[in-house]
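The chain contents come next:
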Amino acid sequence: MTIRTLDGRRFAEMVFQGAAHLSNNAKAVDALNVFPVPDGDTGTNMNLSMTSGAKEVKNNVSDHIGKVSSALAKGLLMGARGNSGVILSQLFRGFAKAIETKQEINSSEFAAALEAGVTTAYKAVMKPVEGTILTVAKDAAKRAVEVAKKEQDIVVVMEEVVKEAKASLQRTPKLLPVLKEVGVVDSGGQGLVYVYEGFLSGLKGESVADRKPAEISMQELVKAEHHKSAQSHIHTDEIEFGYCTEFMVRFERDKLEKHPFSEEVFRQDLSRFGDSLLVIADDEFVKVHIHSEQPGEVLTYGQRYGSLINIKIENMREQHANIVNEERRDTGSAANAKQKEKYGIVTVAMGAGVTELLKSIGAHVVIEGGQTMNPSTEDIVKAIESIGAETVFVLPNNKNIIMTAQQAASVVSQKVIVIPTKTIPQGMSALLAFNPSLSEEQNEKAMTAALSRVKTGQVTFAVRDTTIDGVKIEKDDYMGLADNKIVVAEKDKLSVTKQLLHSLIDEDSEIVTMIYGQEATEEEVEAIVSYIEETYSDVEVEVHNGEQPLYPFIFSVE
């Protein structure tokens with residue numbers, strides 16, 4: 001079979017087969033990524049994201065490949081879950097942008113679109129890490145461009161894409177030490193390989209329905225990525241320049257005629273003003289975040305392309321002082337007020353009790369989700385828009401939801417500030433630091449600073465045998481996690497809990513808040529409270545029934 005041009009209908013079939021093949025093998029991808037706690041995984045997140053993209057394509061099938069690819073990008077954007085889902089959405093956002101005006105494309109245009117997707121995905125990540133899905137996509141696209149220079153058959157190009165993606169995947173442990181240490185390939189990269197394999201089947205007119213899902217060996221099942229996911233390294237608290245500068249430029253036609261906008265050139269020009277640069281652009285706006293010593297010069301440059309809106313400049317060297325805690329506005333009367341509120345807070349949690357606890361200390365909307373089900377971009381967008389506030393703070397409470405929250409922030413009209421909370425206790429600490437009488441800049445600074453003042457402890461169970469950070473773990477062991485690091489694993493739940501508390505509580509600790517879940521008994525709760533009171537007499541104990549699944553106990557130590 002030889003295919004020299006690719007139209008929208010055939011590309012739609014590629015998408016359907018790619019989504020189906022990923023879905024069939026989502027558990028295999030999960031197995032590569034499993035930190036031995038019952039959390040949501042890469043395969044699950046990529047599958048849900050790709051399924052959303054395929055659904056949007058199904059509703060917009062046409063001969064025009066530009067329109068079909070744009071539908072895929074839209075569906076992926078709104079359905080993106082977790083870091084892997086967000087990166088997948090950016091790969092196809094760039095792909096779609098490159099061919100949006102095309103009725104059909106040839107092999108060279110197909111290869112160039114893959115390369116454009118890689119460029120977009122790398123730009124979306126603050127600090128790209130090699131040895132991840134990004135590397136696999138980059139290597140595959142590079143090979144596509146090389147082959148397309150001599151080969152007009154898109155089938156041959158796609159075959160080489162799959163071949164190189166697989167080869168690149170096998171090289172990921174050489175690039176990322178954590179993968180080499182545990183002996184696995186990158187899970188996100190494996191997910192992308194499954195998508196590309198499905199693409200090839202769809203291109204050839206074949207179905208993946210009858211294919212047997214990949215089998216994972218027992219050895220692979222007991223191995224885990226035991227550090228933070230590679231994508232979690234894209235965030236940094238290091239500050240080298242004094243002013244955190246954020247703004248948007250609303251494009252103006254007359255200015256664009258004088259200075260045509262190029263996202264790449266725009267980014268390169270701004271990079272000379274500082275670091276921590278993030279640029280996200282569409283047809284109407286460009287959004288900028290940068291740490292700079294000359295924020296005025298940055299704004300002046302931005303004005304070349306249009307008018308400035310949503311400007312925020314914060315002196316990061318100035319210590320926050322004299323913050324007076326004032327009583328929060330009555331949320332009941334606020335709900336009935338017709339005028340637009342100044343602030344709103346969206347957060348994420350599982351468990352009816354945890355939800356009520358977060359609402360009681362200031363959250364306006366609590367999205368159900370977290371460990372086993374990361375909310376999508378669309379879920380977070382709907383929550384933000386339901387509040388109707390001028391500025392909305394989003395607390396993800398999970399490291400794998402932070403990128404999704406940031407993506408949601410980029411597609412709504414409201415001002416959104418994502419506080420990078422990674423646990424429920426961090427979310428609680430950020431909520432308590434919020435003060436409605438302060439400016440959004442002051443609140444962002446106070447809420448972010450609050451994250452470092454709380455320690456998180458969690459007790460859960462192991463879903464498989466493994467050894468992590470020197471701790472030998474057997475399936476069904478109870479594990480104690482101190483700030484997401486496993487410190488103890490044993491069969492006895494109370495013993496694990498006591499050892500975990502010993503690692504968290506020190507002479508500076510004043511308050512321990514215990515949130516017990518569905519699998520904790522009344523006797524266990526009483527035993528733990530007694531243990532804390534007897535062992536740490538100077539520490540105050542608070543107890544809440546969180547009703548959360550999977551985690552019998554969550555502790556906040558301040």
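Residues numbered from 1 in each chain as written. Predicted model: local features only at pLDDT ≥ 70, side-chain atom pairs only at ≥ 80, totals over all residues. Heavy atoms only, no water.

Draft legend 1. View of helix α10 (residues 187-203). Helix length check: α10, at 17 residues, gives a terminal C-alpha distance of 25 Å against a target of 24 Å (1.5 Å per residue), a fit within 8%. Where α10 begins, one side-chain oxygen reaches toward the backbone nitrogen of Gly188, 3.2 Å away; that side chain belongs to Asp186. Backbone geometry just downstream of α10 places Gly205 in the positive-phi region, at approximately 80°. (Helix = DSSP H or I, 4+ residues; strand = E, 2+ residues; numbered from the N terminus. Expected span 1.5 Å × (residues − 1). Polar contact = N/O pair within 3.5 Å; in protein donor to acceptor, adjacent residues only side chain to side chain.)

Draft legend 2. Structural view of a negative patch on the surface. A surface patch of like charges, here negative, comprises Glu507, Asp508, Glu510, Glu540, Glu542 and Glu558. With respect to the element layout, Glu540 can be found in strand β17 (residues 540-545). A residue is classified by how much of its surface remains accessible, and Glu540, at 44% relative accessible area, is partly exposed. (Patch = residues over 30% accessible without salt bridge, like charges linked within 9 Å, V, L, I, M, F, W, Y side chains within 5 Å. Areas by Shrake-Rupley, 256 points an atom, 1.4 Å probe, with all protein chains shown as cover. Salt bridge = Lys/Arg side-chain N within 4 Å of Asp/Glu carboxyl O. Lys, Arg positive; Asp, Glu negative; His and termini not counted. Charge placed at Lys NZ, Arg CZ, Asp CG, Glu CD. Buried < 20%, exposed > 50% of the residue type's maximum accessible area, 1.4 Å probe, protein only.)

Draft legend 3. Structural view of the pattern of salt bridges. In total, this model carries 19 salt bridges according to the counting rule given. With a closest N to O distance of 3.8 Å, Glu378 and Lys382 form a salt bridge. Highlighted residues: Glu378 and Lys382, both in helix α17 (residues 377-387), separated by four residues, approximately one helical turn. In this structure Lys382 comes out as exposed when scored by relative accessible area, which is 51%. Residues Glu474 and Lys491 are paired through a salt bridge, measuring 3.8 Å at the closest nitrogen-oxygen approach. Taken together, the positions of Glu474 in the loop between β13 (471-473) and β14 (478-482) and Lys491 in the loop between β15 (485-490) and α21 (493-504) put the pair 17 residues apart, joining distant regions of the chain. A relative accessible area of 37% means that Glu474 is categorised as partly exposed. For Lys491, a relative accessible area of 49% corresponds to the partly exposed category. Each of Asp139, Glu164 and Arg171 takes part in salt bridges that share partners, so that together they form one network.

Just distances and angles here, no functional claims.
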